[in-house]
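Fold and geometry: a report
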Amino acid sequence: MYISILKNSEQALARSQSQPMLVSQVTSAEPAVAIAVPVVARHVTVRIFAAAATGSGAIVRHRGETYTILTCAHIVGEGEDERFTILTADGQKHVGKRLRSPVLSGSDLALVEFTSKTAYQVVAIADTKAVAVGDSIYAAGFPNWQWTSADAVEDTRTWGIKALRVTDGEVAMLPEKSLQEGYQLGYTNEIDPGMSGGPVLNRKGQLIGINGRLKYPPQGISAFTFTDGSAPSEQMYQQMEALSWAIPAKAFWQALK
């Protein structure tokens, strides 16, 4: 049954290339959601190779032969003329360049463009208000390292798209005040270095956030400073440090209009 669902999911995505797609269009079988969302993630998540970092991104817009990727600013840096290698789901490499957007100023977000005659899947963006604590979510990206055995870790930067990882979890915190750089979505999913910039998807396969911060940051409580300069209470900090953190859709939807 699951093999059939997976095949149908891939066929549905192939028929709708470059159009935002929901899991409901992939399959109507509720038990298959756990399969269908990773299928969507595999098509909309890209790998980004920059001069100083390797990360992930999500294809969020398509106009003609131009595709726009949303990722983290700390992946692509500040270089005006820097070019990036974008690896898409079909294993093809593209040259990407950063777009400047005043709407994203002050956040850990960046837009990158590439051009291609090939049609690629675009992720659908969720209603910015349709996220609640307890919601099941999926986080996707390309970790820089993976355990290949109980005592061996391998660098995945030569693995290409085979390194894609999709983890499941749930929304755990939505603080009223945003942390610095736009982080305001705390979730239980495991995130590894290299997955920053990758999409956080809801059960419909819609984009609700962008991965960016891992659990238990070495900076300690200073990593959780709110935009007004205040710090969380000790009790709140203990809850926050045990979560991964993303920038929610409300921080970038206007830039993508």
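In short, a report on the structure.

Conventions and cut-offs
- Residues numbered from 1 in each chain as written.
- Predicted model: local features only at pLDDT ≥ 70, side-chain atom pairs only at ≥ 80, totals over all residues.
- Heavy atoms only, no water.
- 1 Å grid on protein atoms, 1.4 Å probe; cavity = no way out; pocket = protein on both sides within 12 Å on 5 of 7 lines; lining within 4 Å.
- Points joined across faces, edges and corners; volume = space filled by probe spheres on them.
- Nonpolar A, V, L, I, M, F, W, Y, C, P; charged D, E, K, R; others polar.
- Pairing = 2+ DSSP bridges.
- Helix = DSSP H or I, 4+ residues; strand = E, 2+ residues; numbered from the N terminus.
- Core = buried A, V, L, I, M, F, W, Y, C linked by side-chain atoms within 4.5 Å.
- Buried < 20%, exposed > 50% of the residue type's maximum accessible area, 1.4 Å probe, protein only.
- Contact = heavy atoms within 4.5 Å.
- Axes fitted to C-alpha atoms, helices over the stretch in contact; angles between N-to-C directions.
- Phe/Tyr/Trp six-rings, centres within 6.5 Å; stacked < 30°, edge-to-face > 60°.
- Lys NZ or Arg CZ within 6 Å of the ring centre and 35° of its normal.
- Salt bridge = Lys/Arg side-chain N within 4 Å of Asp/Glu carboxyl O.
- Arc of directions from axis to C-beta.

Remarks on the layout of surface pockets
- Its volume calculated, the largest pocket comes out at about 290 Å³.
- Gly212, Arg213, Leu214, Pro217 and Gln219 are, among the 18 residues lining the largest pocket, the residues nearest its centre.
- Counted by class, the lining of the largest pocket contains seven nonpolar, seven polar and four charged residues.
- One number sums up the size of the second largest pocket: a volume of about 210 Å³.
- For the lining of the second largest pocket, a count of residues per class yields seven nonpolar, two polar and four charged.

A word on the pairing of strand S4 (residues 83-87)
- For strand S1 (residues 45-49) and S4, the ladder comprises three bridges, and the chain directions are antiparallel. When the bridges of S4 are listed, Ile48 appears paired with Ile86.
- Hairpin geometry of S4 and strand S5 (residues 93-99) is characterised by an intervening segment of five residues between the two adjacent antiparallel strands and by a positive phi of about 85 degrees at Gly91.

Regarding the nonpolar core
- Counting residues in hydrophobic clusters, the biggest one holds 48 residues, and the most contacted among them are Ile48, Ile69, Ile86, Trp245 and Phe252.
- With near-sequence residues (within four places) excluded, Ile48 lies in contact with Ala53, Thr54, Gly55, Ser56, Gly57, Ile69, Thr71, Ile75, Val76, Phe84, Thr85 and Ile86.
- Judged by nonpolar contacts, the second largest core, of 11 residues, contains Ala139, Val171, Leu185 and Ile191.

Here we look at the side chain of Thr167
- Inspection of the secondary structure assignment puts Thr167 in strand S10 (residues 165-173).
- Among residues more than four places away in sequence, those in contact with Thr167 are Ile137, Tyr138, Ala139, Asn189, Glu190 and Ile191.

Quick look at the sheet that holds S5
- Spatially, the six strands close up into a barrel ordered S1-S2-S3-S6-S5-S4, and their pairing is antiparallel. For this sheet, the mean angle separating the axes of adjacent strands, direction not counted, is 40 degrees.
- Both S1 and strand S2 (residues 54-63) contribute to a ladder of five bridges, which runs antiparallel. Paired with Thr45 across the bridge in S2 is Ala58.

Quick word on the packing of aromatic side chains
- Using the criterion set out here, one finds five aromatic pairs in the structure.
- Residues Phe224 and Trp245 carry aromatic rings whose centres are separated by 6.3 Å and whose planes lie at 65 degrees to one another, so their mutual orientation is edge-to-face. Linking Phe224 in the loop between strand S13 (207-213) and helix H5 (234-241) with Trp245 in strand S14 (residues 244-248), this pair joins segments that are 21 residues apart in sequence. Both residues of the pair, Phe224 and Trp245, belong to the buried class.
- Of the aromatic side chains, those joined through ring pairs into one cluster are Tyr67, Phe114 and Tyr120.
- One residue, Lys177, lies across the ring of Phe226, its end atom 4.7 Å from the ring centre.

Points about the pattern of salt bridges
- In total, this model carries six salt bridges according to the counting rule given.
- Lys177 serves as the salt-bridge partner of Asp228, at 3.1 Å between the closest nitrogen and oxygen. In this pair, Asp228 is assigned in the loop between S13 and H5 and Lys177 in the loop between S10 and strand S11 (185-187), connecting sequence segments 51 residues apart.

With respect to H5
- If you check which residues of H5 are buried, you get Tyr237, Met240 and Glu241. In an axial view of H5, the angular spread of the buried residues amounts to 90 degrees, which keeps them on one side of the axis.
- The inward-facing, buried residues of H5 abut S10 and S14.

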